[in-house]
Amino acid sequence: MMENVAVSVKDLHVSIDKKEILKGISIDFPKCAVTAIIGPSGSGKTMLLRSINRLIELIPRVEVSGKVWVNIGGKFHDAYTLDSSYLRRKVGYVFQKPNPFPHLSILKNITIGPMLNGIAKNKKDLKKLAEEKLKEAGLWDEVKDRLNEAAWRLSGGQQQRLCIARALALEPEIILFDEPTTGLDLYNTKRIEELMVRLKEKYTVIAITHSVDQAGRIADFIAFIYNGKLIEFGPAATVLKSPINELTELFITGKVLDGVKV
Amino acid sequence: MNLKKLRDMIYTCLAYLSLLLLIIPLCWILFECIIEGGHYIINRPIEFFTDIGRPPGIEGGGIGHAIQGSLYMLGLALLIGIPVGIFAGIYLAERKDSPLAKAARFVSDILVEFPTILVGVVTYTFLASKVTGILATGPAAFAASFALALIMIPIVARSVETAFLTIPNDIREGAYALGLSSRHVIFRILLPAVKTGVVTAVLIGLAKIVGESAPIIVTNGISNFWFSKWTEPAPSIPVLIYVYGLSPFKEWQTQAWAAALFLLLLIMAIGFLARRITKKLWTGV
Amino acid sequence: MVAIRKSIFIFLGSFALFLALILPFYFFGELYGASEFFSKFSFLDFISGREWSLPEQKYGALQAIYGTIITAGLALLITTPISIAAAVAMSELLPEYLSERLGMIIDMIAAIPSVVVGLWGILSLGPFLSSTLYKFLIENLGFLPIFQAKTLLAYNKLTAALVLGYMITPFAVSVIKENLRLVPIEIKEAAYALGLTKWEVIRIMLSYIKPGIFAALMLALGRAIAEAVAVSMVIGNTCSFSVSLLEPACTLTTLIINNFAEATGTEAAALIGLGLVLFVISISTILVSRLVYNKLLGGYMR
């Protein structure tokens with residue numbers, strides 16, 4: 001019954017400095033599909049995403065309880081007993097703000113992960129891997145002649161696609177996107193959206209998005225989070241056209257949510 | 001995977017080891033100062049601080065002459081260094097984009113790292129040298145004071161500048177809006193607002209020169225008598241440590257440790273004072 | 001009214017002008033003081049002269065330059081790994097309250113006057129090392145030219161380098177630590193998201209601040225070159241070209257500090273000539289360090 005699930009979150013509570021951010025979330029993210037997480041800012045979307053690959057543990061004074069099951073190679077593992085390095089390799093993460101290693105070359109940005117993790121050893125393999133992943137991320141044609149240039153010289157949109165290629169280079173099974181198109185121009189936004197849709201053929205994509213429109217364009221499933229709780233989750237068309245919960249309707253139609261009690 | 005964990009653990013151990021390598025010599029120095037020097041001070045507390053050094057082989061004696069000499073030398077250095085440093089620092093902050101301020105800032109950043117021994121050499125050459133000096137006296141205490149002042153000026157200036165730059169611009173504008181002259185704005189309104197910062201700046205400058213020995217040796221030479229004239233060599237605590245430390249006599253070496261202990265405590269006290277004042281500044285505003 | 005406004009800045013500006021002129025004044029002073037010497041001897045002969053001998057009227061700076069390069073270079077070699085490791089330990093491994101206390105201790109080490117470090121070197125460290133480490137090195141590794149010595153001496157290049165290394169490390173630690181603090185959290189997160197271990201992440205952080213580390217170590221080297229009193233107390237003060245680290249030497253600064261106060265005439269001018277060499281080397285290290293750091297600020301660290 002669980003084959004179609006990539007990540008299964010059970011009763012997840014997260015608090016920072018004793019302040020509860022996530023108040024018991026349970027959700028099954030479907031495999032090889034794009035799931036969009038929507039919700040007003042401060043609702044806990046990023047914390048939910050970060051608790052899947054345990055990046056949340058980098059935040060000081062954070063407490064996590066509940067279970068996160070991750071489907072890796074057809075088997076479910078408890079994310080919090082798994083080796084965190086292994087987990088993060090299998091569950092890639094793309095950040096809101098493009099964060100390539102600015103001082104390293106474009107090539108090195110992609111190869112450093114596989115190299116340090118021992119996925120590919122010799123230079124030739126690494127270069128081939130980089131080419132493949134840059135093509136997958138749709139960046140190859142723009143950078144193939146400047147692979148040794150430092151990454152900070154790329155434009156913001158190019159940097160973000162580089163970050164995606166960097167995540168892909170570790171051959172993950174699940175990729176988490178945290179509002180990856182924030183601040184990018186329309187061209188780059190469109191390319192990254194297309195990319196996310198294309199990625200679901202091989203990977204499970206879970207993406208936080210800042211706009212309901214974008215969720216409509218890319219998502220197969222939509223999860224609406226509000227005030228640390230999962231309000232609604234279902235196929236994208238259903239959630240957008242006929243939401244069950246009144247809060248969801250208010251949010252997707254752009255109405256004010258502040259002060260509404262859950 | 002396990003190999004990686006092991007490697008990480010080894011690196012972590014090495015990092016802690018390097019911290020240990022830094023701390024052990026400090027403990028060693030403090031230990032020697034307290035055991036060797038502290039013992040001497042406790043046995044002759046009054047003699048140590050008020051008496052002059054004895055010739056080798058004769059027991060007893062103190063560093064009173066060096067304390068006196070240091071007071072004179074540092075006093076004159078502060079007398080020159082404080083006003084020059086403060087005024088230059090104010091200019092750096094209040095005319096921060098002028099070419100002169102930029103040049104002075106660039107120069108003082110270099111001067112902070114400049115070899116202090118060369119400051120002594122140049123000061124001596126210009127002021128005291130029998131051949132090329134203006135006053136042509138030979139090694140002299142006043143030359144040491146000038147060298148120390150030159151060393152402290154850029155440090156004080158940069159610290160005063162930093163203090164002035166913490167003043168929000170609306171206070172400045174508000175003061176000018178009252179029709180006050182620049183002189184009044186700077187000395188009646190801005191300076192009192194950052195007086196703790198300015199005192200800290202002076203303390204930082206003082207902490208830098210109080211332990212300096214190279215510029216003193218080069219300009220003033222070595223003396224083991226009481227301070228007599230500005231144009232004669234005078235004793236000082238750092239140079240006394242240098243001379244006593246290099247000597248083969250046990251009594252002098254012991255007194256060198258005692259003087260070192262005194263000097264360290266002095267510097268710690270200055271640092272402690274500076275930190276306390278700064279804290280007050282932060283919590284007070 | 002306008003006149004008053006202007007005059008206060010002319011008053012303050014004259015002090016800033018004085019400050020700005022200090023460095024040219026130093027340079028001019030060096031030239032002026034050394035001019036008497038260079039009117040008799042050529043500069044090229046001076047810096048390539050192999051011997052410094054008063055009775056023979058030989059003023060060659062090469063031995064002192066050699067001593068300076070060896071001791072300061074060795075000090076840098078000691079400082080580099082220790083300061084990087086200590087900075088990493090403080091900013092990445094230790095909890096904040098401990099790291100803060102340690103920071104105060106490191107500041108304290110930096111504040112020890114050089115003459116006190118020299119005192120420790122001459123009375124404690126030197127004798128201790130000569131009866132332990134140096135004895136061991138000569139007896140067991142004596143076949144290596146760098147550890148050969150006719151007699152067991154407590155005061156030599158290695159003692160000088162160790163003392164120097166200890167004096168410049170706290171400074172390097174605090175600058176590198178500050179640089180590590182400047183690494184954006186995004187970079188750290190990106191590295192962790194790739195499944196890297198703590199030290200692999202640290203490795204990426206260190207490569208990110210590489211220019212900052214270089215600048216810090218360059219300034220530390222400058223300080224080692226400029227240090228006079230502590231070195232002169234533990235280096236043995238015998239000029240030579242000996243390769244052995246366990247034999248004494250002299251440096252630019254030790255020749256000046258040992259002889260300047262009593263020197264007259266040509267000797268004094270020659271010593272100021274050494275100062276000129278020191279001036280050029282020091283200013284170069286400071287400027288290179290600044291240049292690298294500014295380039296960093298203009299690049300990806302903007």
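Residues numbered from 1 in each chain as written. Chains lettered and ligands numbered in written order. Predicted model: local features only at pLDDT ≥ 70, side-chain atom pairs only at ≥ 80, totals over all residues. Heavy atoms only, no water.

Below, the discussion takes up the packing of aromatic side chains. Any aromatic ring pair is given by two values, namely how distant the centres are and how the planes are angled relative to each other. According to the stated counting rule, one finds 40 aromatic pairs over all chains in the structure shown. For the pair B:Phe49 and B:Phe262, a centre-to-centre distance of 5.3 Å together with 70° between the ring planes defines the contact as edge-to-face. With B:Phe49 in helix 2 (residues 45–50) and B:Phe262 in helix 12 (residues 250–284), the pair connects residues that are 213 residues apart, well separated along the chain. These aromatic residues form a ring-pair network of at least three members: B:Phe114, B:Phe126, C:Phe25, C:Tyr26, C:Phe27, C:Phe28, C:Tyr32 and C:Phe279. (Phe/Tyr/Trp six-rings, centres within 6.5 Å; stacked < 30°, edge-to-face > 60°. Helix = DSSP H or I, 4+ residues; strand = E, 2+ residues; numbered from the N terminus.)

On to helix 4 (residues 99–112) of chain B, then. The end-to-end C-alpha distance of helix 4 of chain B is 20 Å, a good match for the 20 Å that 14 residues give at a rise of 1.5 Å each. Three or more residues of helix 4 of chain B are buried, namely B:Ala101, B:Ala104, B:Arg105, B:Val107, B:Ser108, B:Ile110 and B:Leu111. (Expected span 1.5 Å × (residues − 1). Buried < 20%, exposed > 50% of the residue type's maximum accessible area, 1.4 Å probe, protein only.)

Another point: a nonpolar patch on the surface. All names here are of chain B. Together, Leu6, Met9, Ile10, Tyr11, Leu14, Leu17, Leu20, Leu21 and Ile24 make up a nonpolar patch on the protein surface, roughly 860 Å² of accessible area in all. Residue placement: leucine 20 occurs in helix 1 (residues 2–43). Leucine 20 gets classed as partly exposed once you look at its relative accessible area, which sits at 47%. (Patch = residues over 30% accessible without salt bridge, like charges linked within 9 Å, V, L, I, M, F, W, Y side chains within 5 Å. Areas by Shrake-Rupley, 256 points an atom, 1.4 Å probe, with all protein chains shown as cover. Salt bridge = Lys/Arg side-chain N within 4 Å of Asp/Glu carboxyl O.)

Summarising the model, chain A shows a mean pLDDT of 90, and 97% of its residues fall at 70 or more. Mean pLDDT across the secondary structure elements of chain A bottoms out at helix 10 (residues 246–252) of chain A, with 88, and peaks at strand 8 (residues 204–208) of chain A, with 95. (pLDDT = per-residue confidence, 0-100.)

Below, the discussion takes up the packing of helix 1 of chain B against helix 3 (residues 62–93) of chain C. Between helix 1 of chain B and helix 3 of chain C, whose axes approach to 8 Å, the crossing angle comes to 110°. In terms of orientation, helix 1 of chain B lies roughly perpendicular with respect to helix 3 of chain C. Here helix 1 of chain B contributes B:Thr12, B:Ala15, B:Tyr16, B:Ser18, B:Leu19, B:Leu21 and B:Leu22 to the contact with helix 3 of chain C, which in turn contributes C:Ile82, C:Ala85, C:Ala86, C:Ala89, C:Met90 and C:Leu93. Taken together, the residues that form the contact of helix 1 of chain B with helix 3 of chain C break down as 11 nonpolar, two polar and no charged. (Axes fitted to C-alpha atoms, helices over the stretch in contact; angles between N-to-C directions. Parallel < 35°, antiparallel > 145°, perpendicular 65-115°, else oblique. Contact = heavy atoms within 4.5 Å. Nonpolar A, V, L, I, M, F, W, Y, C, P; charged D, E, K, R; others polar.)

Okay, the sheet that holds strand 5 (residues 75–78) of chain A next. Residue and element names in this part refer to chain A. The four strands lie next to each other as 2-1-4-5, forming an open sheet whose pairing is antiparallel. Taken across any chain shown, the strands that pair with only one partner, and hence form the sheet edges, are strand 2 (19–30) and strand 5. Ignoring strand direction, the axes of neighbouring strands in this sheet form an average angle of 10°. One ladder, built from eight bridges, connects strand 1 (residues 5–16) with strand 4 (residues 62–72); its direction is antiparallel. Within strand 4, the residue paired with lysine 10 across the bridge is lysine 67. (Pairing = 2+ DSSP bridges.)

Position of C:Glu227 relative to the elements: it lies in the loop between helix 10 (210–226) and helix 11 (229–234). Buried within the structure, C:Glu227 lacks any salt-bridge partner; B:Lys208 is the closest side chain of opposite charge, at an N-O distance of 8.4 Å. In contact with C:Glu227, other than residues within four places in its own chain, are C:Ser114, C:Leu164, C:Met167 and C:Thr253. (Lys, Arg positive; Asp, Glu negative; His and termini not counted.)

We now examine a positive patch on the surface. On the surface, a cluster of positive charge is made up of A:Lys108, A:Lys123, C:Arg203 and C:Lys210. Secondary-structure assignment places C:Arg203 in helix 9 (residues 198–208). (Charge placed at Lys NZ, Arg CZ, Asp CG, Glu CD.)

Taken together, the 23 residues of chain A in the interface contact 20 residues of chain C. Approximately 2000 Å² of surface area, both sides summed, lies buried where chain A meets chain C, with 69% of it carried by carbon and sulfur atoms. Taken together, the connections running from chain A to chain C amount to two salt bridges. Linking C:Glu189 and A:Arg50 is a salt bridge whose minimum nitrogen-to-oxygen distance equals 2.8 Å. Taken together, chain A and chain C are joined by six residue pairs in polar contact (both at pLDDT 80 or more). Of all the secondary structure elements, the ones that give two or more residues to the side of chain A that touches chain C are helix 2 (84–90) and helix 3 (106–117) of chain A. The dominant element in the side of chain A that touches chain C, judged by the number of residues it contributes, is helix 3 of chain A, at five residues. (Buried area = accessible area lost by both parts, 1.4 Å probe. Polar contact = N/O pair within 3.5 Å; in protein donor to acceptor, adjacent residues only side chain to side chain.)

Residues and elements named next belong to chain C. In the structure shown here, the tally under the stated rule is one disulfide over all chains. Across the disulfide, cysteine 239 is cross-linked to cysteine 250 (sulfur-sulfur distance 2.0 Å). Here the S-S torsion is close to 110°, and the disulfide linking cysteine 239 with cysteine 250 is therefore right-handed. In this pair, cysteine 239 sits in the loop between helix 11 and helix 12 (252–259) while cysteine 250 sits in the loop between helix 11 and helix 12, placing the two residues 11 residues apart along the sequence. Of the residues examined, cysteine 239 reaches a relative accessible area of 24% and is grouped as partly exposed. (Disulfide = S-S within 2.5 Å.)

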